[in-house]
Amino acid sequence: MGEEVKLHGTWASPFSCRVIWALKLKGIPYEYIEEDLSNKSSQLLQHNPVHKKIPVLVHGGKATCESMIILEYVEEMWPQNPLLPTHPCERADARFWIKFAEEKGPAMWTVYRTSGEEQEKAVKDTLEMLRAIEAHGLVDKKYFGGDKIGIVDIAFGQIAQWLGVIEDIVGVKLLEAHKFPRLHAWIKNFKEVPIIKENLPDRDEMMVLFKHFREMLLTSSRDS
Amino acid sequence: MEKQNEVVLFGTWASAFCKRVELALKIKGIPYEYVEEDLTNKSESLLHYNPVHKKVPVLVHNGKPISESLVILEYIDECWNNTPKLLPEDPYQRAKVRFWVNFFDHQIMARLLPIIMTRGEEREKAIKEFNELLKVFEEGINKDFPEEFPFLEGKTLGYLDIVVGTALCNYEAFHEVVDVVFSPEKNPVIMAWVKALKNHPLMKETLPPHDKFVDKMREKYLDQYP
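Report on the accompanying structure. (Residues numbered from 1 in each chain as written. Chains lettered and ligands numbered in written order. Predicted model: local features only at pLDDT ≥ 70, side-chain atom pairs only at ≥ 80, totals over all residues. Heavy atoms only, no water.)

Some remarks on the overall build of chain B
A count of helical and extended segments in chain B gives 11 helices and four strands. Relative to a compact globule of 226 residues, whose C-alpha radius of gyration would be 17 Å, chain B shows 18 Å and is just as compact. Projecting the C-alpha coordinates of chain B onto the three principal axes gives extents of approximately 65 × 45 × 30 Å. In chain B, which comprises 226 residues, the proportion classed as buried is 52%. A separation threshold of at least 6 residues defines the contact pool for chain B, and within that pool the share at least 24 residues apart is 69%. (Helix = DSSP H or I, 4+ residues; strand = E, 2+ residues; numbered from the N terminus. Rg over C-alpha atoms; globule rule 2.2 N^0.38 Å. Buried < 20%, exposed > 50% of the residue type's maximum accessible area, 1.4 Å probe, protein only. Contact = heavy atoms within 4.5 Å.)

A closer look at the overall build of chain A
Within chain A, the secondary structure is distributed over 12 helices and four strands. Its C-alpha atoms give chain A a radius of gyration of 18 Å, within 12% of the compact-globule value 17 Å for 224 residues. Overall size of chain A, expressed as C-alpha extent along the three principal axes, is 50 × 45 × 30 Å. Residues classed as buried in chain A amount to 53% of the 224 residues present. Taking all contacts inside chain A whose residues are at least 6 apart in sequence as the whole, residues at least 24 apart take part in 70%. Working note: accessible area of chain A is about 10,800 Å², and carbon and sulfur atoms make up 52% of it. (Areas by Shrake-Rupley, 256 points an atom, 1.4 Å probe, with all protein chains shown as cover.)

A closer look at the packing of helix H4 (residues 88-104) of chain A against helix H3 (residues 69-79) of chain B
Between H4(A) and H3(B), the shortest axis-to-axis distance is 9 Å and the interhelical angle comes to 160 degrees. By the angle between their axes, H4(A) is roughly antiparallel relative to H3(B). H4(A) and H3(B) meet at a crossing whose hand is right-handed. When H4(A) is examined against H3(B), the residues A:Pro88, A:Cys89, A:Arg91, A:Ala92, A:Arg95 and A:Phe96 are found in contact with a partner set consisting of B:Val71, B:Glu74, B:Tyr75, B:Glu78 and B:Cys79. (Axes fitted to C-alpha atoms, helices over the stretch in contact; angles between N-to-C directions. Parallel < 35°, antiparallel > 145°, perpendicular 65-115°, else oblique. Left-handed = near helix turned anticlockwise from the far one by under 90°.)

Description of the environment of A:Ile169
Residue and element names in this part refer to chain A. By the secondary structure assignment, Ile 169 is in helix H9 (residues 162-170). Residue Ile 169 is classed as buried on the basis of its relative accessible area, which comes to 16%. Residues Ile 169 and Asn 39 lie 130 residues apart in sequence; the distance between their C-alpha atoms is 26 Å. With residues up to four places along the chain from it excluded, the contact list for Ile 169 reads Met 207, Phe 210, Lys 211 and Arg 214.

Some points on the environment of B:Val52
When you line up the elements, B:Val52 lands in the loop between helix H2 (44-49) and strand E3 (58-61). As a C-alpha pair, B:Val52 and B:Ser67 span 15 residues in sequence and 9.5 Å in three-dimensional space. Beyond its immediate sequence surroundings of up to four residues, B:Val52 is in contact with A:Phe96, A:Trp97, A:Phe100, A:Ala132 and A:His136.

Some details on the nonpolar core
The biggest cluster of nonpolar side chains holds 143 residues, and the ones touching the most others in it are A:Phe156, A:Ile159, A:Trp186, B:Ile76 and B:Phe137. Apart from residues no more than four positions distant in its own chain, A:Ile159 is found in contact with A:Met108, A:Met129, A:Leu130, A:Ile133, A:Leu175, A:Leu183, A:Trp186 and A:Ile187. By size, the runner-up hydrophobic cluster in this structure holds seven residues, among which are B:Cys18, B:Leu46, B:Val56 and B:Val60. (Core = buried A, V, L, I, M, F, W, Y, C linked by side-chain atoms within 4.5 Å.)

Remarks on helix H12 (residues 203-223) of chain A
Residues and elements named next belong to chain A. In this model, H12 (21 residues) spans 30 Å end to end at C-alpha, consistent with the 30 Å of a helix rising 1.5 Å per residue. Within H12, the full set of buried residues consists of Met 206, Phe 210, Arg 214 and Leu 218. One side of H12 holds all its buried residues, which, seen down the axis, span an arc of 85 degrees. For H12, the exposed residues set more than 90 degrees away from the buried face come down to Asp 204, Val 208 and Asp 223. Its buried side turned inward, H12 meets helix H5 (106-113), helix H6 (116-137) and H9. For H12, the N-terminal cap is Asp 202; the gap from its side-chain oxygen to the backbone nitrogen of Asp 204 is 3.2 Å. (Expected span 1.5 Å × (residues − 1). Arc of directions from axis to C-beta. Polar contact = N/O pair within 3.5 Å; in protein donor to acceptor, adjacent residues only side chain to side chain.)

Here's the deal with the packing of helix H4 (residues 91-108) of chain B against helix H7 (residues 159-168) of chain B
The axes of two packed helices give the description: the angle between them and the distance between them. All names here are of chain B. Remark: H4 packs on H7, axes separated minimally by 9 Å, with the N-to-C direction vectors making an angle of 15 degrees. The orientation of H4 relative to H7 falls into the category roughly parallel. The chirality of how H4 crosses H7 is left-handed. On H7, the residues that touch Val 97, Trp 100, Val 101, Phe 104 and Asp 105 of H4 are Tyr 159, Leu 160, Val 163, Val 164, Ala 167 and Leu 168. Its residues assigned to classes, the contact of H4 with H7 comprises 10 nonpolar, no polar and one charged. (Nonpolar A, V, L, I, M, F, W, Y, C, P; charged D, E, K, R; others polar.)

Quick word on the interface of chain A and chain B
Every contact between the two is made by 25 residues of chain A and, on the other side, 24 residues of chain B. Interface area for chain A against chain B, summed over the two sides, is near 2,300 Å², with a carbon-plus-sulfur share of 71%. The largest contributions to the chain A side of the interface with chain B come from A:Ile69, A:Arg95 and A:Phe96, which together make up 24% of the buried area. Here chain A and chain B share seven salt bridges between them. Notably, a salt bridge pairs B:Glu78 with A:Arg91, separated by 2.9 Å at the nearest N-O pair. Applying the counting rule to chain A against chain B returns six residue pairs in polar contact (both at pLDDT 80 or more). (Buried area = accessible area lost by both parts, 1.4 Å probe. Salt bridge = Lys/Arg side-chain N within 4 Å of Asp/Glu carboxyl O.)

Some remarks on the sheet that holds strand E1 (residues 7-11) of chain B
Residue and element names in this part refer to chain B. Taken together, the four strands give an open sheet; going across it, the order is E2-E1-E3-E4, and neighbouring strands pair in mixed fashion. At either margin of the open sheet sits one strand with a lone partner, and together these are strand E2 (33-36) and strand E4 (64-67). Taken pair by pair, the neighbouring strands of this sheet meet at an average axis angle of 20 degrees, ignoring direction. Pairing of E3 with E4 involves four bridges; the strand directions are antiparallel. Along E4, the bridge assignment pairs Leu 59 with Ile 66. (Pairing = 2+ DSSP bridges.)

Regarding helix H3 (residues 67-77) of chain A
When you tally the buried positions in H3(A), you get 10 out of 11 residues, the bulk of the element. Residues of H3(A) that are buried: A:Ser67, A:Met68, A:Ile69, A:Ile70, A:Leu71, A:Glu72, A:Tyr73, A:Val74, A:Glu75 and A:Met77. Against helix H1 (14-25), strand E3 (56-59), strand E4 (62-65), H4 and helix H7 (151-155) of chain A together with H4 of chain B lie the buried residues of H3(A).

So, in structure tokens, the structure goes:
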């Protein structure tokens, strides 16, 4: 695959990081373009006219959007260091958890973006998500992918770092170690994987950024 | 000796998500046993096979359960590797198909409930938004699949056809029970596609009968949102 690979992303986005992790785990060279979401580049708007969002992967001039769809594309184009299992049954299981992450993951962001009743409901939804993963997703496994990380670990990456940031900013502890021992262990193991460790956004910088955004969100919702 | 291919589908007759799986099985010519679930009294089997969501459809293949309709479709395509293929072979084409199915499910279908729940001006606004999203879908499909689109009679059904067809082919029931939201004037390309899909023999065989479906929709929606 000699054609060039470009990734449009933002440094603090877990969705952007998913693609970075996949590319680095497979040893795929790429050019990274940091987007300013308040002033999106013309290439981004051209490559993702429908959603105008990051991440967008551009391979040989052809654009793929939506982080988990990008990951399936990367997996198919560059089969080395596979992120998906080989057997259809296990692949289906992985895709089940990817869908689960996509469907239930937004709840933790609602906790971050809201207050009052809406936030309380989002807290409940997030806890429900964590309980399901704890009970069914990590049974007898170090990683979701088994002995090494795979596509599901990457999909749940936001729990490993971003959830902690949200908890600190909002002031509510959701993932208590004694209530979620498997998830707690997984977070530790996940963040120790060298590629992940080297490619996690700086936590302190994230705290500053996300704190600022939350204040802006809550102020504007109070004023509207 | 390899175990015989035993395929069981747990579903409900009125669910488009279940119909997706039935249609995929029929397209591939896979024999299966169908189990109709009563969602007010879910079977032990269903709860055992889908402990996380406790929902239909669930496909059980030689005793192994797979849940989530789109996951099941990809599984069927991978396991029964014969033609016709449900998804394209080329990775970039596959990414585009997945993108538009995602858009259809999360953007378009998600807009039906706001229409059902509202009345008067609010509903008119919701219908307008729905039609605009359908337009985005039409233009996107047209741009990304210039050779495939519009759907031609006799062509084998693919992933997108399955998803769009099972959701929209019974649109007349929606018109009867809720409101008129689809029209050839507002969305000519989708309507032509849906019309062609409705005439496909496997789609005809799979879709629930109109009158029965109308009664079910009335029961589901009008009772909940009088």
